Amino acid sequence: MRPFGIQKLYLKDEPTNVVQAASARLRNRQTITPNSCDIITITGNEECYIAQFIHHYLYLGFSNIFIGINNCQDKTPAILKKIAKIYPKIFIFNTDQPQRLHRQSGSYAALIDEASHRTKSSHCLVVDIDEYWFSNKPNRSIASYLRQFDRFDLMFTNWLCTYGQSYQTCFTDLTRAKIDLKKSQGKSIFNYSVPLRKLRAHVPDVESPERAVFVGNNGKKINWMNEANKLHVNPSLPQHLRTVNKLHQHLEKSQNSAWILHQIVRSELEYSLRLFEPRVAKHPEPFKTNRHGWIMPKESRQERQFFKSILSKKSFNKRYIKTYEKFLRQCQIKNIVEKSFNRITERQVFCKINQLNHQKIEAYQSIWREIFQGTRFLPYLELRLKTKKRLRINDCS
């Protein structure tokens, strides 16, 4: 029986070498289940969202979920261990060492190395905890989706970015959210049979990329090898499609298409609290620097109508929410998840601001002015800079 603890992973070689060795093992497997797909993800402080994320991919029939935890201080590991006791296809690892040495590529390398020893799946999707794959038929399983296409090596799946969604609502609820379809940005499902050089967040780097079958989310081939790419001595597949032929950046609305709903900016409180969680590589900076404010985009009316018509289907939502509630009870995590929600408050944001000394407030003022723009908390940061005094907030020191 597999233990339900969290195994620590260590890289003893460069990520590229580890990925190439893992890829060779994956290609040499004797047993492969057609049209099956794994998930690889890395996570940190995601106690509010990790259960929703795992339920989503189990609901849609994804096979194994390989999770790398790093730089984590909340209840995420405790929640994951409870889920893994019920669902043996959830594999949890600590990737602090690979992440510290090689950042994201280190964690990905360690996880695909583990996957290569365990999986029988044919495909894999690398996503973050705030990313939800779905097709134009939202109840369709990943196996049913993949079955309709001819063989491919990589499938680019566009981001549908949402702004303002809350932990209190299902990912399908766009009522208070703004959306923005990214026609050149997204994630990729890749076939384990393609020789990998490096596992990346958006599109893997593969050997002999000019021979790879690279398709869009409708199964149509993407002609990515343009004149600029031909000049490279060692070309690689693009991480985005901005420089690719514009014909491949249109909105495809056929029943064959799929998308990645990316909760890129959640509610104002959730967004603001996240700003106090700097990226590991940027430690000891006090803020997450790769954000640009709580600002809602201008929507396309056509896109909103289209995606709302898909995601608002009552039959799907009723069943989906019902199975999620059952999932929480089954894993005995309902209470711990709900307690995590109680920390998403205005008071918590003020506490975080008060914990900053004046030296940091002054040193990082150009950063917090950008990342806190659009929030109710920017004036308080300005006040702290001006007065050098901590805020007088009830129950907040």
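Residues numbered from 1 in each chain as written. Predicted model: local features only at pLDDT ≥ 70, side-chain atom pairs only at ≥ 80, totals over all residues. Heavy atoms only, no water.

A. Broad picture of helix 4 (residues 96–118). Between its first and last C-alpha atoms helix 4 spans 21 Å; for 23 residues at 1.5 Å apiece the expected length is 33 Å, and the helix comes up short by more than 12%. At His-102, helix 4 shows its maximal bend, which comes to roughly 140°. (Helix = DSSP H or I, 4+ residues; strand = E, 2+ residues; numbered from the N terminus. Expected span 1.5 Å × (residues − 1). Bend = angle between axes of the 7 residues up to and from the residue.)

B. Just the state of the cysteines, in detail. Applying the stated criterion to the full structure yields 0 disulfides. With no disulfide of its own, Cys-161 has Cys-170 as its nearest cysteine by sulfur position, at a separation of 18 Å. The closest cysteine sulfur to the non-disulfide-bonded Cys-331 is located on Cys-48, 17 Å from its own sulfur. (Disulfide = S-S within 2.5 Å.)

C. Highlighting helix 3 (residues 76–86). Of all the positions in helix 3, only Thr-76, Ile-79, Leu-80, Ile-83 and Ala-84 are classed as buried. The buried residues of helix 3 all sit within an arc of 135° when viewed along its axis, so they share a single face. Buried positions along helix 3 lie against strand 2 (33–43), helix 2 (50–59), strand 3 (65–69), strand 4 (90–94), helix 9 (314–331) and helix 10 (334–341). (Buried < 20%, exposed > 50% of the residue type's maximum accessible area, 1.4 Å probe, protein only. Arc of directions from axis to C-beta. Contact = heavy atoms within 4.5 Å.)

D. Structural context of the environment of Leu-269. In this fold, Leu-269 is placed in helix 7 (residues 268–274). Along the sequence, Leu-269 and Leu-391 sit 122 residues apart, while their C-alpha atoms lie 18 Å from each other. Sequence-distant contacts of Leu-269, defined by excluding residues within four places in its chain, comprise Ile-344, Thr-345, Glu-346, Val-349, Arg-376 and Phe-377.

E. Representation of the nonpolar core in the model. Ile-54, Leu-125, Trp-133, Phe-307 and Phe-372 are the most contacted members of the largest nonpolar core, which totals 83 residues. Every residue in contact with Phe-307, bar those within four places of it in the chain, is listed here: Phe-134, Leu-160, Leu-174, Ile-179, Leu-181 and Trp-259. The next biggest cluster of nonpolar side chains, apart from the first, holds 35 residues, and it includes Val-18, Phe-93, Val-194 and Ile-222. (Core = buried A, V, L, I, M, F, W, Y, C linked by side-chain atoms within 4.5 Å.)

F. The arrangement of the side chain of Asp-205 in detail. Tracing the sequence through the fold places Asp-205 in strand 10 (residues 205–206). Excluding its chain neighbours within four sequence positions, the residues that come into contact with Asp-205 are Leu-196, Arg-197, Lys-198, Arg-200 and Ser-236.

G. Fine view of the pattern of salt bridges. Taken as a whole and judged by the stated rule, the model has 17 salt bridges. We note a salt bridge from Lys-183 to Glu-303, for which the minimum N-O separation is 2.8 Å. Linking Lys-183 in strand 8 (residues 178–191) with Glu-303 in helix 8 (residues 301–311), this pair joins segments that are 120 residues apart in sequence. Taking the relative accessible area as the measure of exposure, Glu-303 reaches 7% and is therefore buried. A cluster of three or more residues bridged by salt bridges with shared partners is formed by Glu-46, Arg-274 and Glu-277. (Salt bridge = Lys/Arg side-chain N within 4 Å of Asp/Glu carboxyl O.)

H. Structural view of the pairing of strand 3. Taking burial as the measure, the 5 residues of strand 3 include 5 buried ones, the bulk of the element. Side-chain alternation along strand 3 places Ile-65, Ile-67 and Ile-69 on one buried face and Phe-66 and Gly-68 on a second face that is also buried. Here strand 2 pairs with strand 3 via 5 bridges, running parallel. In the sheet register, Ile-39 faces strand 3, and the bridge partner there is Ile-65. With respect to chirality, the unit in which strand 2 leads through helix 2 into the neighbouring parallel strand 3 is right-handed. In this sheet, strand 4 lies alongside strand 3 in parallel orientation, the contact comprising 5 bridges. Paired with Ile-65 across the two strands is Ile-90, which belongs to strand 4. Handedness of the strand 3-helix 3-strand 4 crossover: right-handed. (Pairing = 2+ DSSP bridges. Right-handed = clockwise from strand over helix to strand, strands pointing away.)

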